[in-house]
Amino acid sequence: MSSEEGAARAGPERPLPENNVAERIKLEREFRGWSTQKLAERMAEVGHPVNQAAIWRIESGKPRRRVNLDEALGFCKVFDIPLDDLASPPGHVSNAEVRRLVGEYVERWKDWRATRKPLDRAKADIDDYIKAHPDQEGMVKGLLTYELAGAAGNDFTRYDSVPARHRSLLGDAAPAKPVTE
């Protein structure tokens, strides 16, 4: 393809459905955990070859590369979705209940991220204190275990209630992982 053809395909004034296609391709690829290279391989397998760089330009280029009809049909085959879904805004494809559930999850995830940062800072402060006062490590871990058990009630005895990166603070006092049969 000449650079002139590439510029024409990228076009600065893309219709909204073309932006939807680019967003949907990226969403579907990431949902499957595929790299752009893996998607390029899948496209070639179904008879619609598109190279990895072109996929990146479709998803992230400035301006984004346009998708021709043959490529769009290939993406539909690879993702097993109809053309209407490929051209629809990613959020409009799922039903209202799925959008509600996903929206709620995303909000809780943002809350969790916001609260995790201060917890990680507090853990780092305790780690620094233990490094500076190694003779007090047992006392710090014992007090932390006692206080967490009081704050968490019965939940503290469950292995999954203690974040993995924080178990090192508790040492031998950390709840043991339950044995599964």
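All values derive from a computational prediction rather than experimental measurement.

Caption draft 1: Quick look at the overall build of the protein. For the protein, the helix and strand inventory stands at 10 helices and 0 strands. The linear arrangement of helices and strands in the protein, starting from the amino end, is α-α-α-α-α-α-α-α-α-α. Within the protein, buried positions represent 27% of all 181 residues. A separation threshold of at least 6 residues defines the contact pool for the protein, and within that pool the share at least 24 residues apart is 56%. When the accessible surface of the protein is totalled, it reaches about 12100 Å², and 56% of it is carbon and sulfur.

Caption draft 2: Spotlight on the environment of Pro89. Position of Pro89 among the secondary structure elements: in the loop between α6 (83-87) and α7 (90-93). Once the C-alpha coordinates of Pro89 and Glu18 are considered, the two residues, 71 residues apart in sequence, prove to be 9.8 Å apart.

Caption draft 3: Inspection of the packing of helix α2 (residues 16-31) against helix α4 (residues 52-60) at higher detail. Viewed as axis vectors pointing N to C, α2 and α4 meet at an angle of 115°, and their least axial separation amounts to 8 Å. On the side of α2, the interface is formed by Ala22, Ile25, Lys26 and Arg29, while α4 contributes Ile58, Glu59 and Ser60. Here the residues of the contact of α2 with α4 are counted per class, giving 3 nonpolar, 1 polar and 3 charged.

Caption draft 4: Region of the structure containing the packing of helix α3 (residues 36-45) against helix α5 (residues 69-79). Contact geometry of α3 with α5 gives a least axis separation of 9 Å together with a crossing angle of 100°. With respect to α5, the element α3 is oriented roughly perpendicular. Residues Leu39, Arg42 and Met43 of α3 pack against Glu71, Gly74, Phe75, Val78 and Phe79 of α5. Class assignment of the residues belonging to the contact of α3 with α5 gives a composition of 5 nonpolar, 1 polar and 2 charged.

Caption draft 5: Up close: the packing of aromatic side chains. Under the criterion given, the structure shown has 2 aromatic pairs. Both rings, one in Trp34 and one in Phe79, keep their centres 6.2 Å apart while their planes meet at 25°; by these two values the pair is stacked. With Trp34 in the loop between α2 and α3 and Phe79 in helix α5, this pair connects stretches of sequence that are 45 residues apart. For the pair formed by Trp34 and Phe79, the shared burial category is buried. Judged by centre distance (6.2 Å) and plane angle (15°), the ring pair of Phe75 and Phe79 falls under stacked. Taken together, the residues Phe75 and Phe79, both in helix α5 and 4 residues apart, mark about one turn of the helix. Residues Phe75 and Phe79 agree in their burial class; the two are buried.

Caption draft 6: Fine view of unusual backbone geometry. The residue after Lys62, namely Pro63, is reached through a cis peptide bond having omega 0°. You can see Pro63 is positioned in the loop between α4 and α5.

Caption draft 7: Looking closely at the confidence of the model for the protein. For the protein, the average pLDDT comes to 80, and 72% of its residues sit at 70 or higher. Confidence drops under pLDDT 50 across residues 1-11; counting only partners more than four residues distant or on other chains, this segment forms 13 contacts.

What counts, and at which threshold
Each chain has its residues counted from 1, running along the sequence as written. The model is predicted, so local features are restricted to residues of pLDDT at least 70 and side-chain atom pairs to those at 80 or more, both for listing and for counting; the totals for chains, interfaces and linings are taken over all residues. Water and hydrogen atoms play no part in the side-chain values, which are based on all heavy atoms of the structure. A run of H or I in DSSP becomes a helix once it reaches four residues, and a run of E becomes a strand once it reaches two; helices and strands are each numbered from the N terminus. The buried label applies to any residue whose accessible area, calculated with a 1.4 Å probe on protein chains only, is under 20% of its type's maximum; exposed applies above 50%, and partly exposed to all values in between. Contact definition: two residues touch when any of their heavy atoms are within 4.5 Å. For the accessible areas, the method is Shrake-Rupley and the probe is 1.4 Å, while residue cover comes only from the protein chains on display. All axes here are fitted lines through C-alpha atoms, helices being fitted over the stretch that makes contact, and every angle between N-to-C directions spans 0 to 180 degrees. All residues other than Ala, Val, Leu, Ile, Met, Phe, Trp, Tyr, Cys, Pro, Asp, Glu, Lys and Arg, Gly among them, are scored as polar; the first ten of these are nonpolar and the last four charged. Between 65 and 115 degrees an angle is taken as roughly perpendicular, under 35 as roughly parallel, over 145 as roughly antiparallel, and anywhere else as oblique. Between the rings of Phe, Tyr and Trp (Trp by its six-membered ring), a pair exists once the centres lie within 6.5 Å; its type follows the angle of the planes, with under 30 degrees stacked, over 60 edge-to-face, and the other angles tilted. Residue-level confidence of the predictor is summarised by pLDDT, bounded by 0 at the bottom and 100 at the top.

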